[in-house]
Amino acid sequence: MLAVLAGCVLLVIAAVYFAEPAHSLPGFFPGHVSAGSSEAAHHHVKHGIAALAVALAAFAYAWFATGPAARRSHTTA
Amino acid sequence: MISYFQAAILGIVQGIAEPFPVSSLGHGVILPRAFGWNIHQNDDFFLAFLVATHLATALVLLGFFWEDWKRIVAGVVRSLREREIREGDADARLGWLLIIGTIPVGLIGLLLEKPLRSVFASPASAAAFLIANGLMLLGAERLRRRVVATDAVGSDERLSHMSWRNAGFVGTAQAIGLIPGFSRSGATMSAGLVAGLSNEDAARFAFLLATPIIGAAALLKVPDLLGPAGNGVRGPALVGAICAAITTYFSVKFLLRFFETNRLTPFGIYCVTAGVLLTLAFAAGL
């Protein structure tokens with residue numbers, strides 16, 4: 001459940017990185033710059049890809065963690 | 001700009017130095033300085049040129065291990081469909097080990113590649129890190145665990161017994177290759193030895209790990225080659241890519257056979273020797 005939640009949050013973060021230029025990113029996002037900066041219009045696509053990759057990893061983990069093998073091991077325990 | 005001759009030389013060196021554990025990035029920084037060429041690691045046209053040679057390297061690696069990749073991808077798809085990695089499904093497990101090994105270096109590369117490259121782009125620092133790379137290779141051979149490599153099972157089956165933690169460790173070790181002078185494949189092979197793999201299995205795992213990461217990094221930068229930065233360099237880039245493709249193919253073929261019976265030691269000695277000589281030469285102003 002936690003992995004799914006983390007994956008959803010990371011998907012949103014990835015979308016923000018893809019959609020917003022650096023100066024429009026929330027202040028606590030890595031890569032945020034002020035509007036006057038020379039990199040203000042830059043889109044941090046790489047940050048977006050990184051967030052997307054971790055989101056997919058979180059979803060994959062959740063997928064296996066709730067699969068038949070995990071259920072079997074819970075039952076055995 | 002890069003001439004066709006320079007492109008051919010740089011392509012040949014890229015194709016050899018990428019799979020060999022001797023740092024292609026380091027050689028790419030050092031070689032122009034050693035030959036007195038006016039090419040610098042952070043020049044836009046040179047970065048565009050590197051996209052083509054790296055893409056060629058990735059395509060050759062993909063083609064070389066095509067049958068393996070088909071099995072591995074089928075294994076990953078199978079495991080996703082069944083929502084479990086079945087006992088004895090070596091292809092599925094190896095596929096997920098490769099994914100786990102790729103994620104850390106992918107993240108580190110995406111976030112730190114540019115700053116690391118700009119900080120350590122000088123030939124002098126690349127030569128110094130080449131010495132460190134050699135020491136890493138020699139150290140890994142000393143720290144290696146005793147390996148019981150049985151010929152009865154295939155390399156992929158042996159690799160599939162690697163733990164998830166070790167796959168993450170070996171994959172993360174690749175990130176050191178972002179520093180010019182350190183070899184990505186050298187770091188992967190060294191970490192593989194320390195994690196208990198044989199030279200042969202460590203080399204195979206390194207080449208399999210290399211394909212997605214080099215390919216993705218190159219694909220991500222294809223717009224650089226096709227954009228204004230690529231103007232005037234696309235012809236030499238094509239020549240460099242062809243040369244890189246040819247030498248990558250023969251290098252991988254050679255290394256897979258070499259590591260059946262040999263170790264990283266000669267490459268470690270080469271890196272230390274070349275690094276020391278180049279450091280002295282650069283210090284003397286040559």
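Residues numbered from 1 in each chain as written. Chains lettered and ligands numbered in written order. Predicted model: local features only at pLDDT ≥ 70, side-chain atom pairs only at ≥ 80, totals over all residues.

Draft legend 1. Molecular detail of the overall build of chain B. For chain B, the count of helices and strands is 13 helices and zero strands. Sequence-ordered secondary structure for chain B, helices as α and strands as β, is α-α-α-α-α-α-α-α-α-α-α-α-α. Taking 286 residues into account, the globule formula puts the C-alpha radius of gyration at 19 Å, and chain B, at 19 Å, falls close to it. The C-alpha extent of chain B, read off along each of the three principal axes, is 55 × 40 × 30 Å. Counting only contacts in chain B whose residues sit at least 6 apart along the sequence, the fraction spanning at least 24 positions is 80%. (Helix = DSSP H or I, 4+ residues; strand = E, 2+ residues; numbered from the N terminus. Rg over C-alpha atoms; globule rule 2.2 N^0.38 Å. Contact = placed C-beta atoms within 7 Å.)

Draft legend 2. Broad picture of the overall build of chain A. Helix and strand counts for chain A stand at three helices and zero strands. Rg of the C-alpha trace for chain A: 17 Å, well past the compact-globule value of 11 Å for 77 residues, more than 25% over. The C-alpha extent of chain A, read off along each of the three principal axes, is 60 × 15 × 15 Å. Residue burial in chain A is summarised as follows: out of 77 residues, 18% are buried. In chain A, the share of contacts with a sequence separation of at least 24, taken over all contacts with a separation of at least 6, comes to 51%. (Buried ≥ 20, exposed ≤ 12 C-beta atoms within 10 Å, placed from the backbone.)

Draft legend 3. Spotlight on the confidence of the model for chain B. Taken as a whole, chain B shows an average pLDDT of 90; of its residues, 97% reach a score of 70 or greater. The ipTM value of the predicted complex is 0.79, and its pTM value is 0.87. (pLDDT = per-residue confidence, 0-100.)

Draft legend 4. Broad picture of the confidence of the model for chain A. With 96% of its residues at a pLDDT of 70 or more, chain A shows a mean pLDDT of 88. The spread of mean pLDDT over the elements of chain A runs between helix α3 (residues 68-76) of chain A, the lowest at 73, and helix α1 (residues 2-19) of chain A, the highest at 94.

Draft legend 5. Representation of the interface of chain B and chain A in the model. Of the residues lining the interface, eight residues belong to chain B; the matching set on chain A comes to ten residues. If one sorts the elements of the side of chain B that touches chain A by residue count, helix α5 (residues 90-119) of chain B sits on top with five residues. Considered class by class, the residues forming the side of chain B that touches chain A number five nonpolar, one polar and two charged. (Nonpolar A, V, L, I, M, F, W, Y, C, P; charged D, E, K, R; others polar.)

Draft legend 6. Summary view of the environment of V12 of chain A. Residue and element names in this part refer to chain A. Residue position: V12 is located in helix α1. Note on V12: 12 C-beta atoms within 10 Å, which makes it exposed. Separated by 40 residues in the primary sequence, V12 and L52 have C-alpha atoms spaced 8.9 Å apart.

Draft legend 7. Seen up close, the nonpolar core. Ranked by size, the top nonpolar core spans 83 residues in total, and within it F49, A52, L97, F205, A206 and A237 of chain B carry the most contacts. Take this core: its biggest share by element is twelve residues, from helix α10 (residues 199-220) of chain B. Contact partners of F205 of chain B, with chain neighbours within four places excluded, come to L159, V170, T188, G192 and L197 of chain B. A14, A50, A51 and A55 of chain A belong to the second largest nonpolar core, which has nine residues in total. (Core = buried A, V, L, I, M, F, W, Y, C linked by C-beta atoms within 7 Å.)

Draft legend 8. Geometry of the environment of F129 of chain B. All names here are of chain B. Mapped onto the secondary structure, F129 falls in helix α6 (residues 123-143). Along the chain, F129 and G181 lie 52 residues apart, while their C-alpha atoms are 4.6 Å from each other. The contact partners of F129, leaving out residues within four places of it in the chain, are G26, F120, I179, P180, G181 and F182.

Draft legend 9. Expanded view of the packing of helix α1 (residues 4-17) of chain B against helix α2 (residues 24-35) of chain B. Residue and element names in this part refer to chain B. Remark: α1 packs on α2, axes separated minimally by 8 Å, with the N-to-C direction vectors making an angle of 155°. With respect to α2, the axis of α1 lies roughly antiparallel. Pair α1 / α2 crosses with right-handed handedness. Here L10, V13, Q14 and A17 of α1 come into contact with α2, specifically with S24, H27, G28 and L31. Residues that form the contact of α1 with α2 fall into these classes: four nonpolar, four polar and no charged. (Axes fitted to C-alpha atoms, helices over the stretch in contact; angles between N-to-C directions. Parallel < 35°, antiparallel > 145°, perpendicular 65-115°, else oblique. Left-handed = near helix turned anticlockwise from the far one by under 90°.)

Draft legend 10. Region of interest: the packing of α1 of chain B against helix α3 (residues 44-64) of chain B. All names here are of chain B. Two elements in contact, α1 and α3, have axes separated by 10 Å at closest approach and are oriented at 40°. Comparing their axes, α3 and α1 come out oblique. Like other packed secondary-structure pairs, α1 and α3 cross with a definite hand, here right-handed. Residues A7, G11, Q14 and G15 of α1 form the contact with α3, whose own contacting residues are F49, T53 and T57.

Draft legend 11. A look at helix α8 (residues 164-173) of chain B. Residues and elements named next belong to chain B. Those residues of α8 not exposed but buried are A167, V170, G171 and A173. The arc enclosing the buried residues of α8, seen along the axis, measures out at 160°, which places them on a common side. Of the exposed residues in α8, those oriented more than 90 degrees away from the buried face are W164 and R165. Looking at the packing, one finds that the buried side of α8 touches α5, α9 (184-194) and α10. (Arc of directions from axis to C-beta.)

Draft legend 12. Structural context of unusual backbone geometry. Residue and element names in this part refer to chain B. With phi around 70°, S23 is a residue other than glycine that occupies positive phi space. Examined against the element boundaries, S23 turns out to sit in the loop between α1 and α2. Not every positive phi belongs to a glycine, and R83 is a case in point at roughly 60°. With respect to the helices, strands and loops of the structure, R83 is situated in the loop between α4 (66-82) and α5.

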